[in-house]
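Per-entry structural report
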Amino acid sequence: MNIRFGADYYPEHWDEKRLETDAKLMHDMGIDVVRMAEFSWSKLEPEKGIFQFDWLDNAINTLAKYNIRVVLGTPSAAPPAWIIEEIPDLLPLDSQGRVRGFGGRHHNCQSNIAYKEHIKRLVSKMAHHYKDNPNVIGWQIDNELGNSHNDLCHCKSCREHFQKWLQYKYKTIEQLNKEWGTNFWSQTYDKFEQIPTPMITPTSHNPSLLLDWKRFHSDLIVEFQQFQIDILREICPHQFITHNLMGFFNLIDYFDLADNLDFVSHDQYPMGFYDDPQPIKEPSALAADLDLMRSLKNQTFWIMEQQAGPSGWEILGRTPKPGQLALWAAQSIAHGADTVVFFRWRTCAYGTEEYWHGILPHSGIPGRRYYELQKFIQEIVPHMENFKNSLPESEVAILYSYEQSWAFEIQPHHPELNYINQIRKYYKGLYNQNIPVDFISGNNNFEKYKLVIAPLQFLVSDKLVESLTEYVEQGGILVLTMRSGVKEMNNQCHIEADLPGKLTGLVGATITDYDCLRDHDMGIRYKDTDYRCEKWCDILKPEKAESISKYTEDFYAGQPAITVNKSGKGLVYYIGTEPEQKLIDDFLADIVNESGIERIYDTPAEVEFVRRRTKDADYIFALNHTGKTQIINCKDNWKSIINNEKLEPYGYALFMAER
Ligand code: GAL
Ligand code: ZN
């Protein structure tokens, strides 16, 4: 059975009499799956050991009559009041020592052992109850793990877990003292029990402690998920297990989190969240989120929550324009989603999310959003089987590392320097040229890519140097950028050589000086054109490398800003600054032209082109993210499948090209 479109459904928020109407409306719209129960602990187990599954059974049975299958969430993101009463220290403690109270969700410390017993009881019970139900096809663990846990948790249990984690990693306290450099400011520890979590202090914490804390925290959440995976795998091995991730959210190393899932799911909210300064994410940033999700397991994925209407809690965003909801769903599919579940079915009348609009409005009467999505589903479903499981086949990869992002959060250098934003800028340089991109972790093989872009390789391990060297030796093109080779993995500065440290052999140049551009930007010339760059300037001294760009201002005017080095059969570029977007675009365009990397579509335009590549054909999506009609010129071998060369405002088209 093919599962293509779904809705996040909360039957417990409505009168039971409504069920049948909902199921029928869903069916008529083309929905074949719902996700339910991920926040309904108090409804499933109103008192300890007293289970109440009849409401859920009833919903599952009614939906089944309309051929709608079910994914069940394990409700561990919302422990009910009676659990908090039983284990008050489950409430998490923030870094300022304040308890985060009951009344929202995610009010749970992730290391609490007593809580795990509660989870085990409910999840096992649910698993036994639904393991043979043919209408329950899979499970989602918890909900958006790590969401709301940013500054948490510093309770006694978490502190002890952190200390154990450190003991396992360093074996002896002497080793930890050495790796953290605790000699500084008399921070030497006599025993692991003395080590704090990074709670508020009069000044900043030790950067090595902070990096280990972030690693620990990520591991803790991965383990929290694994605990539930183990229960489900044992009891219901035939149902799939997934989790809903959040794009570039970086509290958890998503490569690790994805590892033991059958597939990744992602929550895509193009209008962002109500408190985002920028109300709509740039289309390239949305594309990057989706590409990261696909790349985690190098496999197609689900969207478990796709925006279905205007969103907001206390403050609202704009209403999606006609066509835009379908366009965003098409974008998700284009980047590798084989199933799209909309959040949520019907706008809730109560609770925190009263204004987070679903497909249906509060009244439950189908309106514009329902009919637009119905039309979209009906036009695209017949074609989805043709490209199911297919990937874009990228020639370019961006190295994305959670550890680098954490290290820059700890020491951003420049107040606005942000690792993820720089990743997005380089991504955009490729996106603007319609070039498919994969994200890879340091553990992937690089060989299959013509070009690997590795921005901000701040922490460098010997293993990374080895894989990059091998890649370049065999003909790969590598782009490295500023602040690379600065640190050892323990977050201490590299002292064996001048920067870029262990990468100097690859770069073929050293950095003789650098300048953090606090209050101004800087001129940079590349191929006779003047551009601006910002935040940071590495001043390079080429040894073997050749300079291909120079700064134009200040005492280092005329000195190299970008270099290229021939190494083995390959090339290594080093960009010593954060260039403006136009320079990134032009620079990458030159590399793309010189190395023969294929663009899906040649003319840069305001239309995004994405492909799904099967053995026999490319399925090419053209996505118009603008409010204007756009005319494109198909390549000769493109056959239109949905719509054509005239793209309506916020419209899309699908083409097929035989291979
Ligand atoms: C997601 C979450 C959903 C819902 C939605 C709208 O982050 O998974 O449960 O809260 O946002 O706020
Ligand atoms: Zn805790």
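Please read these numbers as outputs of a predicted model, since none were measured by experiment. (Residues numbered from 1 in each chain as written. Chains lettered and ligands numbered in written order. Predicted model: local features only at pLDDT ≥ 70, side-chain atom pairs only at ≥ 80, totals over all residues. Heavy atoms only, no water.)

Some words on the overall build of the chain
The secondary structure content of the chain amounts to 17 helices and 26 strands. Looking at the chain residue by residue over its 659 residues, the buried ones come to 60%. Contacts in the chain between residues far apart in sequence, at least 24 positions, make up 72% of those at least 6 positions apart. Accessible area for the chain stands at about 26200 Å²; split by element, carbon and sulfur atoms hold 49% of it. The positive charge centre, built from 68 side chains, and the negative charge centre, built from 92, are 2 Å apart in the chain. (Helix = DSSP H or I, 4+ residues; strand = E, 2+ residues; numbered from the N terminus. Buried < 20%, exposed > 50% of the residue type's maximum accessible area, 1.4 Å probe, protein only. Contact = heavy atoms within 4.5 Å. Areas by Shrake-Rupley, 256 points an atom, 1.4 Å probe, with all protein chains shown as cover. Lys, Arg positive; Asp, Glu negative; His and termini not counted. Charge placed at Lys NZ, Arg CZ, Asp CG, Glu CD.)

What to know about helix α10 (residues 283-297)
Of all 15 residues that make up α10, 13 are buried, and the element is covered over most of its length. Immediately beyond the C-terminal end of α10, within one or two residues, lies Asn298, with a positive phi of roughly 45 degrees.

Points about the nonpolar core
Of all hydrophobic cores here, the largest spans 202 residues; its most connected members are Met36 and Trp345. When near neighbours in sequence (up to four residues on either side) are disregarded, Met36 contacts Tyr9, Pro11, Leu56, Ala59, Ile60, Leu63, Val70, Val71, Leu72 and Gly73. Tyr601, Ile620, Cys634 and Leu647 belong to the second-largest nonpolar core, a separate cluster that totals 13 residues. (Core = buried A, V, L, I, M, F, W, Y, C linked by side-chain atoms within 4.5 Å.)

Focus on helix α12 (residues 368-387)
Because each turn of an α-helix spans 3.6 residues, side chains separated by three or four positions end up pointing in the same direction. Here α12 is 20 residues long and its end C-alpha atoms lie 29 Å apart, about the 28 Å a rise of 1.5 Å per residue gives. Considering bend angle alone, the principal kink of α12 is centred on Val381 and spans about 45 degrees; proline Pro382 follows within four residues of it. Along α12, the residues that are buried comprise Arg369, Tyr370, Glu372, Leu373, Gln374, Phe376, Ile377, Ile380, His383, Met384 and Phe387. Phi turns positive, to about 70 degrees, at Asn389, one or two residues after α12. (Expected span 1.5 Å × (residues − 1). Bend = angle between axes of the 7 residues up to and from the residue.)

Notes on the site of ligand 1
In the vicinity of ligand 1, the residues found are Phe39, Arg105, Asn143, Glu144, Asn147, Asp267, Tyr269, Glu305, Trp313, Phe343, Glu353 and Trp356. Within the side chain of Glu305, one N or O atom sits 2.8 Å away from an oxygen atom of ligand 1. Within the contact set of ligand 1, an oxygen atom lies 2.3 Å away from a side-chain nitrogen or oxygen of Glu353. In isolation ligand 1 exposes 300 Å². Once the protein is present, 99% of that is buried. For the shell around ligand 1, the class distribution of residues is 5 nonpolar, 2 polar and 5 charged. (Near = heavy atom within 4 Å. Polar contact = N/O pair within 3.5 Å; in protein donor to acceptor, adjacent residues only side chain to side chain. Nonpolar A, V, L, I, M, F, W, Y, C, P; charged D, E, K, R; others polar.)

Some details on the sheet that holds strand β24 (residues 638-642)
Across a sheet, paired strands are connected by hydrogen bonds in the backbone, their directions being either parallel or antiparallel. The strand order β21-β22-β26-β24 describes an open sheet built from 4 strands, whose pairing is antiparallel. Every other strand in the sheet has two partners, leaving β21 (607-613) and β24 as the edge strands with one partner each. Direction aside, the axes of adjacent strands within the sheet are offset by 30 degrees on average. Relative to strand β26 (residues 652-658), strand β22 (residues 617-624) is paired through 7 bridges, and the arrangement is antiparallel. Bridging across to β26, Ile620 finds its partner in Phe655. (Pairing = 2+ DSSP bridges. Axes fitted to C-alpha atoms, helices over the stretch in contact; angles between N-to-C directions.)

Looking at the domain arrangement of the chain
One frequently used descriptor of interface size is the decrease in accessible area upon assembly of the parts. The domain architecture assigned to the chain consists of domain 1 (5-151 + 216-387), domain 2 (396-595) and domain 3 (607-658). Once you take the C-alpha centre of each, domain 1 and domain 3 turn out to be 30 Å apart. Listed as interface residues are 22 residues of domain 1 and, on the opposing side, 17 residues of domain 3. By the criterion of area lost to domain 3, the three top residues of domain 1 are Leu327, Ala334 and Phe387, representing 37% of everything that side buries. Applying the counting criterion to the domain 1 and domain 3 interface returns 1 salt bridge. Ionic pairing is found between Arg612 and Asp338, a salt bridge with its closest N-O pair at 2.7 Å. Our enumeration of links across domain 1 and domain 3 arrives at 7 residue pairs in polar contact (both at pLDDT 80 or more). Counting only elements with at least two residues in the side of domain 1 that touches domain 3, the list comes to α10, α11 (324-334), β9 (337-343) and α12. Across the side of domain 1 that touches domain 3, the residue classes tally to 11 nonpolar, 8 polar and 3 charged. (Domains from an automatic or database assignment. Buried area = accessible area lost by both parts, 1.4 Å probe. Salt bridge = Lys/Arg side-chain N within 4 Å of Asp/Glu carboxyl O.)

So, the sheet that holds strand β2 (residues 33-36)
One open sheet holds the 9 strands; their spatial order is β5-β4-β3-β2-β1-β9-β8-β7-β6, and the pairing between them is parallel. Strand pairing shows two members of the sheet lacking a second neighbour, β5 (240-242) and β6 (244-245), which therefore form its edges. Pairing of β2 with strand β3 (residues 69-73) involves 4 bridges; the strand directions are parallel. Considered in β3, the bridge of Arg35 is made with Val71. Helix α3 (residues 54-65) rests against β2, β3 and β4 (136-140) of the sheet, and its axis sits at about 170 degrees to β2. Here helix α5 (residues 113-130) sits on the sheet in contact with β3 and β4, set at roughly 165 degrees to β4.

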